[in-house]
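The primary structure of each chain is shown beneath.
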Amino acid sequence: MEPFLDANLLNWDDRAELHATDRTGSYRIENVLTGGSNLYELETREVGDIFGKDIVHLQCHIGLDTISLRNLGAGSVTGLDFSPRAVAAARDFASKAGSDVRFVEAPLYEAVEALGRTFDIVYVTWGSVNWLDDVFRWARVVADLLRPGGRLYMAEGHPLMFQCNRKAAALELKDDWRTPIARPLVWNEKLTYTGDERTLKHPRYYEWIHPISDVVNALIAAGLSLDFLNEHDTVSWKHFSFAVRAGKDMYGLPENAPKIPMAYSIGATKRGLGTYRIVQKKVDSH
């Protein structure tokens, strides 16, 4: 796995440099630094009560969502990312915001040792497990970071959306529903997803499509109980060129296109004392 992970690290170091100096407004940096939140309405609706909770944000990138969780009332927040440039940017943002958020640089699979503690909530959103080769190993990390009764919240791009050719002019299936660990999807893209015109020095990266059944079964096998699984017809980035704005900061498919799930979200509780507030499904509208 080393060549794949090394390439992804170089790619994300490049992205961190561009995103931390965002020229497009996508990251709403000033909003977070002045006490606001970058979380999408979907996340704030589903994550439940975070007031006073100890939260770890895995694959936190440049830390703006991590700081947002603290701004929203979390008791303590820790962000973890494998990119040194991302972590450096996150720490700089926390300093500018006057926020006591902690950031740790470590690979996801080494999170338990690197963090050295457990949490009330593990928070995982948008472009996370598709960068990991082994979702069952990921789920064990999540479980080990949670206290008994602690909960996971995740929101992620839907695997069916990832199967579709994102460069086509209409919906078109391209990739298999499950990516073998040793044969990841290979991409060479010079631009990052924000629309920034500055190019990446390391454009090659690798991804894996994980069926939702694998994600759910991985969490159950790791000792978590599923509280909700929701699918959504919008996602937080413009995955297809023909996608259209659908509500605040979300994207969906145009009216004349057949609809597919674009994202999914999961709430799960580590078996033991305590329960997760169950969120009823709400259909996202265009």
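Structure's up top.
Residues numbered from 1 in each chain as written. Predicted model: local features only at pLDDT ≥ 70, side-chain atom pairs only at ≥ 80, totals over all residues. Heavy atoms only, no water.

Peer 1: Looking at this structure, how should I read the environment of Trp 12?
Peer 2: With respect to the secondary-structure elements, Trp 12 resides in helix H1 (residues 2-20). Put simply, Trp 12 and Arg 85 are 73 residues apart on the chain and 8.4 Å apart in space, counted from C-alpha to C-alpha. Apart from the residues within four sequence positions on either side, Trp 12 is in contact with His 19, His 61, Phe 82, Ser 83, Trp 131 and Tyr 193. (Helix = DSSP H or I, 4+ residues; strand = E, 2+ residues; numbered from the N terminus. Contact = heavy atoms within 4.5 Å.)

Peer 1: I'm lost on unusual backbone geometry in this one. Help?
Peer 2: Note on backbone geometry: most residues besides glycine have negative phi, and most peptide bonds are trans. With a phi angle near 55 degrees, Gln 59 is a residue other than glycine that sits in the positive phi range. Summarising the element assignment, Gln 59 is placed in the loop between strand S1 (54-58) and helix H4 (64-71). Notably, His 61 is not glycine yet its phi reads approximately 55 degrees, a positive angle. As for its placement among the helices and strands, His 61 is situated in the loop between S1 and H4. Given a relative accessible area of 10%, His 61 falls into the buried group. (Buried < 20%, exposed > 50% of the residue type's maximum accessible area, 1.4 Å probe, protein only.)

Peer 1: I'm lost on the packing of aromatic side chains in this one. Help?
Peer 2: Two descriptors summarise a pair of aromatic rings, namely the distance from one centre to the other and the angle between the planes of the rings. Using the criterion set out here, one finds 11 aromatic pairs in the structure. For the ring pair Trp 12 and Tyr 193, a centre distance of 6.3 Å and an interplane angle of 55 degrees mean the geometry is tilted. Of the two residues, Trp 12 sits in helix H1 while Tyr 193 sits in the loop between strand S6 (185-188) and strand S7 (204-207), which places them 181 residues apart along the sequence. Residue Trp 12 is classed as buried on the basis of its relative accessible area, which comes to 12%. Between the aromatic rings of Tyr 40 and Trp 126, the centroid separation amounts to 6.2 Å while the plane-to-plane angle is 85 degrees, which identifies the pairing as edge-to-face. (Phe/Tyr/Trp six-rings, centres within 6.5 Å; stacked < 30°, edge-to-face > 60°.)

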